[in-house]
Amino acid sequence: MSRLAFVLNGPNLNLLGKRQPHIYGHETMADVETDCRKTAETHGLELRFHQSNREYELIDWIHEAREVAGAIVINPGAFTHTSIAILDALNAFEGVVIELHISQVHKRESFRHHSYVSLRADAVMAGFGTQGYTLALQRVARLLDAAG
Ligand code: DQA
């Protein structure tokens, strides 16, 4: 399987480090990308890292991943709880899908407890802070190693 992984981030995550740091921490998206690139290099993964506030852009990247990637790590932000379109796009992707939330969504408002994306995700991470991204990539590397 391809050792290319996409890390996709949804709406408002461009404000990471600035918005509600008591919930999302002080690291910025740029810091997260740097950490992800280091982890990817250590584990022999190629990486495409994106953030968008637009649902269609996330869908287009999932379609792109469908052609070339072995895994997607996705933090869909609030689209997690609303987007059947992102679920449909992920259902058309055959590789590994890890859903990631920086915060522990199950400890928060009840509208955050439901995820459309979880219907497709092979694993779900919540509450690991921004460290979750590098942990998710380690898992991706392990799964891609096992897939050969
Ligand atoms: C989030 C949790 C979502 O409920 C929220 O809308 C976000 C971020 C997280 O990373 O904890 O934007 O996905």
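Residue positions are counted from 1 within each chain, in the order its sequence is given. Per-residue local features of the predicted model are confined to residues with pLDDT of at least 70, and side-chain atom pairs are confined, for both listing and counting, to 80 or more; whole-chain, interface and lining totals are unaffected and use all residues. In computing side-chain properties, one takes all heavy atoms of the structure into account and sets aside hydrogens as well as water.

Caption draft 1: Representation of the sheet that holds strand β5 (residues 123-126) within the structure. A sheet is described by the order of its strands in space; here five strands give the open sequence β2-β1-β3-β4-β5, paired in parallel fashion. Two strands in the sheet have a free side with no partner beyond their single neighbour: β2 (46-51) and β5. This sheet shows a mean twist of 15 degrees between the axes of neighbouring strands, independent of strand direction. Alignment of strand β1 (residues 4-9) against strand β3 (residues 71-75), held across five bridges, turns out to be parallel. A pair of strands counts as paired when DSSP detects no fewer than two bridges linking them. A run of H or I in DSSP becomes a helix once it reaches four residues, and a run of E becomes a strand once it reaches two; helices and strands are each numbered from the N terminus. Every axis in this analysis is a line fitted to C-alpha atoms, fitted for helices over the stretch in contact. Angles between the N-to-C directions lie between 0 and 180 degrees.

Caption draft 2: How the structure looks around the site of the ligand. In the vicinity of the ligand, the contacting residues are Arg-19, Tyr-24, Asn-75, Gly-77, Ala-78, His-81, His-101, Ile-102, Ser-103, Val-105 and Arg-112. Any pair of nitrogen or oxygen atoms within 3.5 Å is treated as a polar contact; in protein, a donor-acceptor pairing is required on top of that, and neighbouring residues in sequence qualify only through side-chain atoms on both sides. Within the side chain of Asn-75, one N or O atom sits 2.8 Å away from an oxygen atom of the ligand. The contact in question runs from an oxygen atom of the ligand to an N or O atom on the backbone of Ile-102, over 2.8 Å. The protein chains shown are the only cover counted for residues, whose accessible areas, like all others here, come from Shrake-Rupley with a 1.4 Å probe. Considered on its own, the ligand offers 320 Å² of accessible surface; in the complex 98% of this is hidden by protein. Each residue is assigned to one of three groups, with Ala, Val, Leu, Ile, Met, Phe, Trp, Tyr, Cys and Pro labelled nonpolar, Asp, Glu, Lys and Arg labelled charged, and all others, Gly among them, labelled polar. Across the shell around the ligand, the residue classes tally to four nonpolar, five polar and two charged. Here, proximity means that at least one heavy atom of the residue falls within 4 Å of the molecule or strand.

Caption draft 3: Up close: the packing of helix α3 (residues 55-68) against helix α4 (residues 84-91). Close contact between α3 and α4 brings their axes to 9 Å; oriented N to C, the two are set at 5 degrees. It follows from the interaxial angle that α3 and α4 lie roughly parallel. Contacts between α3 and α4 involve Glu-55, Leu-58, Ile-59, Ile-62 and His-63 from the former and Ala-85, Ile-86, Ala-89 and Leu-90 from the latter. For the contact of α3 with α4, the residue count by class is seven nonpolar, one polar and one charged. Note on angle classes: values under 35 degrees are labelled roughly parallel, values over 145 roughly antiparallel, values of 65 to 115 roughly perpendicular, and the remainder oblique. Throughout, a residue-residue contact means that at least one pair of heavy atoms, one from each residue, lies within 4.5 Å.

Caption draft 4: Quick peek at the pattern of salt bridges. Between Lys or Arg on one side and Asp or Glu on the other, a salt bridge is scored when a side-chain nitrogen of the former is within 4 Å of a carboxyl oxygen of the latter. This structure, assessed with the given rule, holds eight salt bridges. Across the salt bridge formed by Glu-57 and Arg-54, the nearest N and O atoms sit 3.5 Å from each other. For every residue, the accessible area (1.4 Å probe, protein chains only) is compared with the maximum for its type, and the residue is labelled buried under 20%, exposed over 50%, or partly exposed between those bounds. Given the relative accessible area of 24%, Glu-57 is considered partly exposed. A relative accessible area of 45% means that Arg-54 is categorised as partly exposed. A salt bridge links Arg-66 to Glu-67, with the nearest nitrogen and oxygen atoms 3.7 Å apart.

Caption draft 5: Region of the structure containing the side chain of Thr-134. With respect to the helices, strands and loops of the structure, Thr-134 is situated in helix α5 (residues 131-147). A polar contact is formed between the side chain of Thr-134 and the backbone oxygen of Gln-131, at a distance of 3.0 Å. Excluding anything up to four places from it in sequence, Thr-134 contacts Asp-35, Cys-36 and Thr-39.

Caption draft 6: Layout of α5. Its 17 residues give α5 an end-to-end C-alpha distance of 25 Å, which sits within 8% of 24 Å, the value for a rise of 1.5 Å per residue. Considered for burial, the residues of α5 that qualify are Gly-132, Tyr-133, Thr-134, Ala-136, Leu-137, Val-140, Ala-141 and Leu-144. At its buried positions, α5 is contacted by β1, α2 (29-42), β2, β3, β4 (96-101) and β5. Looking one or two residues beyond α5, the residue adopting positive phi is Gly-148, at roughly 80 degrees. Working rule for helices: expected span equals 1.5 Å times residues minus one.

So yeah, pure geometry; function would need other evidence.
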